[in-house]
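Working through the structure, step by step
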Amino acid sequence: MDQQPLPLEGITVVAVEQAVAAPFATRQLADLGARVVKVERVDGGDFARGYDTAARGLASHFVWCNRGKESIALDLKDPRGLAVVRRLVADADVFVQNLAHGAAARLGLDAATLCAAHPRLVAVDISGYGGSGPYADKRAYDMLVQCEAGLVSVTGTPERPVKAGIPAADIAAAMYAFSGVLAALVRRGTTGRGGPVEVSMLEALAEWMGHPLHHAMHGGEPPARTGLAHAVIAPYDAYATADGGRVLLSVQNDREWRRLAEQVIGEPGLGTDPAFATNAARVAHRERTDALVARALGVLDADEALARLEKAGIACARLRDLHELAGHPQLAARDRWRRVGSPVGPLEALLPPITLPGGEEARMGDVPALGQHTGALLRAVGMTDAEIAALRRDGVVA
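In what follows, the accompanying structure is described. For clarity, every value in this text was computed on a predicted model and none was experimentally measured.

1. Notes on the pairing of strand 8 (residues 246–250)
Buried residues dominate strand 8, accounting for four of its five residues. Two elements, strand 7 (residues 236–240) and strand 8, share five bridges in a ladder whose sense is antiparallel. Directly across from Ala240, in strand 8, lies its bridge partner Arg246. Counted along the chain from strand 7 to the antiparallel partner strand 8, the turn is five residues long, and its residue Gly244 has a positive phi close to 90 degrees.

Structure (structure tokens):
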């Protein structure tokens, strides 16, 4: 049987984007077969290009979020540069932007304006706090939104709140923009009309806060910050092993506790001891419970501890660092790594987690250099070499 094509084959996306939220959303579209034209500033491009040089001289954020795109560098403050974007949008299926609040509207690139002019277009506005309300004009960087959304309040230790170690607000907004585009394209398939899609980082991350939010809103106390421990289950934490590793385990019910007591701790009587026999009792005596587990695992190396926990049917995991994640045996066994091209040569990248068996593999294209496709894209919208040369001379394109 012939392989199915990628689901977004034939879809063209134009993105005036920067940082993480919009670029990560459009990268998902590119992976699924869409053609993504990335519009960048002529003076340095997407500012995420300058975040660091960790990826063999390229910025790690940029490499992660921008493979498989065509880069065109334009000065949108010049009417000629803006006219190029309008010509690109006229032939596009999707437009995505995450400029500062009000900037897209001033350029006539907001979703409402574009959809009025192009009824089949799906146009996405990604913002920090939404297009209205008292926070609409407020600067919105990932860590700031993590604070406003309460994520920081439930993350960390009892003594100190901490931000998430990944840009959770950006990623949340990106994934809702991605799914919003897919939903709008499905609707266009039945109605023939596109339409605006709005996503705010605050609202996206507030949705992800659903469990602690509902817990607090509907009569409970806000969940306590407990580090790697679970607020209402014990034992559920990471424990040191003899070789300097750390193993996290989770006991979900009292049957599992009895197995842990007998087969790992080596004290079967703990399974029926009133101080430990129920989860409520173990939480009430959390320090004593953790001490019992820590003593049992502390004399084993990590591999031995994991093997013993697995044999006892106890859910467990190794606390890995990023180098260990890169070499994770499960990712290797499932052949999840690929190489993508870049201005500095091939780079390792993970296949996207959406797998479509029976179809073409995700299209993991090259990470573009700034303005790498400017000339080709300008010629594609009908410009002559002389016109392109004039724009380059005047600094309108790069």
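Text resumes after the structure shown.
2. Topic: the packing of helix 10 (residues 254–265) against helix 12 (residues 286–297)
Relative placement of two packed helices is described by the angle separating their axes and the distance separating the axes. Where helix 10 contacts helix 12, the two axes come as close as 10 Å, and the packing angle between them is 35 degrees. Note on packing geometry: the crossing formed by helix 10 with helix 12 is left-handed. Contact residues: helix 10 offers Trp257, Leu260, Val264 and Ile265, while helix 12 offers Thr289, Leu292, Val293, Ala296 and Leu297. Looking at the contact of helix 10 with helix 12, its residues break down into eight nonpolar, one polar and no charged.

3. Focus on the environment of Gln146
Tracing the backbone shows Gln146 in helix 6 (residues 142–148). Relative accessible area serves as the criterion here: at 0%, Gln146 is assigned to the buried category. For the pair Gln146 and Ala164, spaced 18 residues apart in the sequence, the C-alpha separation amounts to 7.9 Å.

4. Side note on the sheet that holds strand 7
By definition, the strands of a sheet pair up through backbone hydrogen bonds, in either a parallel or an antiparallel sense. Reading across from one edge, 7-8-9 is the order of the three strands in this open sheet, with antiparallel pairing throughout. Edge positions in the sheet fall to strand 7 and strand 9 (315–318), since each of these pairs with one other strand and no more. Neighbouring strand axes in the sheet, compared pairwise and without regard to direction, differ in orientation by 25 degrees on average. Pairing of strand 8 with strand 9, which is carried by four bridges, proceeds in the antiparallel orientation. Following the sheet pairing, Leu249 is matched in strand 9 by Cys316.

5. Here's the deal with the pattern of salt bridges
Evaluation of the coordinates by the stated rule reveals 21 salt bridges. For the salt bridge of Asp93 with Arg188, the shortest nitrogen-to-oxygen distance reads 3.0 Å. One end of the pair, Asp93, is in the loop between helix 3 (79–90) and strand 4 (94–97); the other, Arg188, is in helix 7 (residues 168–191), and 95 residues separate them in sequence. For the pair Asp93 and Arg188, one class covers both residues: buried. Linked through salt bridges whose partners overlap, the residues forming this network are Glu17, Lys38, Asp46 and Lys69.

Thresholds applied
- Residues numbered from 1 in each chain as written.
- Predicted model: local features only at pLDDT ≥ 70, side-chain atom pairs only at ≥ 80, totals over all residues.
- Heavy atoms only, no water.
- Buried < 20%, exposed > 50% of the residue type's maximum accessible area, 1.4 Å probe, protein only.
- Helix = DSSP H or I, 4+ residues; strand = E, 2+ residues; numbered from the N terminus.
- Pairing = 2+ DSSP bridges.
- Axes fitted to C-alpha atoms, helices over the stretch in contact; angles between N-to-C directions.
- Left-handed = near helix turned anticlockwise from the far one by under 90°.
- Contact = heavy atoms within 4.5 Å.
- Nonpolar A, V, L, I, M, F, W, Y, C, P; charged D, E, K, R; others polar.
- Salt bridge = Lys/Arg side-chain N within 4 Å of Asp/Glu carboxyl O.

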